[in-house]
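Chain residues, written in single-letter form:
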Amino acid sequence: MEQNQFASLYREIFPFWNEVSDSDRDFICQNSVAVTYPKGAQIHDGNECSGVIFVRSGGLRLHIMSEEGKDMTLYRLHKGDMCMLSASCVLQAITFDVFVDAEEDSECCVISGAAFAEISARNPPVKIFALETAVSRFSDVMWVMQQILFMSMDKRLAIFLLDESARTYSDAIALTHEQIARYMGSAREVVSRMLKYFANEGIVEVSRKGVKILDKTRLRELALQHGQDL
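Residues numbered from 1 in each chain as written. Predicted model: local features only at pLDDT ≥ 70, side-chain atom pairs only at ≥ 80, totals over all residues. Heavy atoms only, no water.

## A short note on the sheet that holds strand β9 (residues 172-173)
In a beta sheet, neighbouring strands are held together by backbone hydrogen bonds and run either parallel or antiparallel to one another.
Consideration 1: In space, the three strands of this open sheet follow the order β9-β11-β10, with antiparallel pairing throughout. Edge positions in the sheet fall to β9 and β10 (204-207), since each has one partner strand and no second.
Consideration 2: With four bridges connecting them, β10 and strand β11 (residues 210-213) associate as antiparallel partners. Pairing of E205 across the sheet is with K212, part of β11. (Pairing = 2+ DSSP bridges. Helix = DSSP H or I, 4+ residues; strand = E, 2+ residues; numbered from the N terminus.)

## Focus: the side chain of R76
Consideration 1: Take R76: it is sitting in strand β5 (residues 71-78).
Consideration 2: Among the polar contacts made by the side chain of R76, one reaches the side chain of E164 at a distance of 2.9 Å. (Polar contact = N/O pair within 3.5 Å; in protein donor to acceptor, adjacent residues only side chain to side chain.)

## Remarks on the pattern of salt bridges
Consideration 1: Counting across every chain of the model gives 14 salt bridges.
Consideration 2: One salt bridge in this structure joins R122 and D24, with 2.8 Å as the shortest N-O distance. Separated by 98 residues along the polypeptide, R122 in helix α3 (residues 113-122) and D24 in helix α2 (residues 22-30) bring together distant segments of the chain.
Consideration 3: On the accessibility criterion, R122 (43% relative accessible area) is partly exposed.
Consideration 4: K216 is the salt-bridge partner of D171, the closest N and O atoms lying 2.7 Å from each other. Here D171 is found in the loop between α5 (153-168) and β9, whereas its partner K216 is found in helix α8 (residues 216-224), with 45 residues between them in sequence.
Consideration 5: For D171, a relative accessible area of 33% translates into the label partly exposed.
Consideration 6: For K216, a relative accessible area of 25% translates into the label partly exposed. (Salt bridge = Lys/Arg side-chain N within 4 Å of Asp/Glu carboxyl O. Buried < 20%, exposed > 50% of the residue type's maximum accessible area, 1.4 Å probe, protein only.)

## Looking at the packing of α5 against α8
Consideration 1: At their nearest, the axes of α5 and α8 sit 8 Å apart, and the two run at 130° to each other. As far as their axial angle goes, α8 and α5 are oblique. The chirality of how α5 crosses α8 is left-handed. Touching D154, K155, A158, I159, L161, L162 and S165 of α5 are K216, L219, R220, L222, A223 and L224, all from α8. (Axes fitted to C-alpha atoms, helices over the stretch in contact; angles between N-to-C directions. Parallel < 35°, antiparallel > 145°, perpendicular 65-115°, else oblique. Left-handed = near helix turned anticlockwise from the far one by under 90°. Contact = heavy atoms within 4.5 Å.)

## A few points about the nonpolar core
In summary, soluble globular proteins display a tendency toward joint burial of nonpolar side chains.
Consideration 1: Among the nonpolar cores identified, the biggest contains 25 residues, and L157, L161, I180, F198 and L219 are the most heavily contacted of them.
Consideration 2: Those elements giving two or more residues to this core turn out to be α5, α6 (177-184), α7 (188-200), β11 and α8.
Consideration 3: Among the elements that make up this core, the one with the highest residue count is α5 (seven residues).
Consideration 4: Excluding anything up to four places from it in sequence, L161 contacts I173, L195, F198, V204, V211, I213 and L219.
Consideration 5: V52, V126, F129 and A130 belong to the second largest nonpolar core, which has 21 residues in total. (Core = buried A, V, L, I, M, F, W, Y, C linked by side-chain atoms within 4.5 Å.)

## Brief notes about unusual backbone geometry
Consideration 1: Not every positive phi belongs to a glycine, and Y169 is a case in point at roughly 55°.
Consideration 2: For Y169, the position within the fold is in the loop between α5 and β9.
Consideration 3: Taking relative accessible area as the criterion, Y169 reaches 77% and is therefore assigned exposed.

## With respect to the side chain of T133
Consideration 1: In this structure, T133 sits in helix α4 (residues 124-150).
Consideration 2: In this structure T133 comes out as buried when scored by relative accessible area, which is 14%.
Consideration 3: Setting aside chain neighbours within four positions, we find T133 in contact with M82 and M84.

## A short note on the packing of α3 against α4
Consideration 1: Between α3 and α4, whose axes approach to 5 Å, the crossing angle comes to 120°. On the basis of their axis angle, the class for α3 and α4 is oblique. Here F116, I119, S120 and R122 of α3 come into contact with α4, specifically with P124, V126, K127, F129 and A130.

Read these as spatial facts, not as claims about activity.
Written out as structure tokens, the structure reads:
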């Protein structure tokens, strides 16, 4: 992308764009690159300030990992979403390692973390935007923690399937049991057992292609219930 193309894009996505100087806008564009990440690529390994990432197409997954190698998905990013947690030099209060992977072939715009930090240091609206963006994502993280700590597995799976259906505008969820488990922070065996229960109840149909929702009303009832793990 050329500099004027970055400027056109940032004018649409950054609420502070018209509040900073021309030189600062140029500086942001000059320190931006368009990157295509292949499916499976690790974009950020938690050890460096990779920069501010804006997803133009595709999908990314943010997760944390234990010393034993077990990971937990914090949230996923899709077209139009922005990742600030990969720019630890901008948000220095972030002291934990966050990993970012490409879930599919993804086209992104990446602003140098150091450049964005420099601009935010002298422009309060930029700093406020960065903090508000991070806070909104921490709300997603807290929602994940709430599900893991306080919700039964059937309710969590029902919520996940409904959310995925709403996101893709389809009742066919083209994900493997392993992928669903990774997104939910659970074990594949647990997800497979619960999907088998859903299938026996006529709520979903499970195949090699993924999961197809058959009874969305029943799924919503499960998502709203206060039941226990089966």
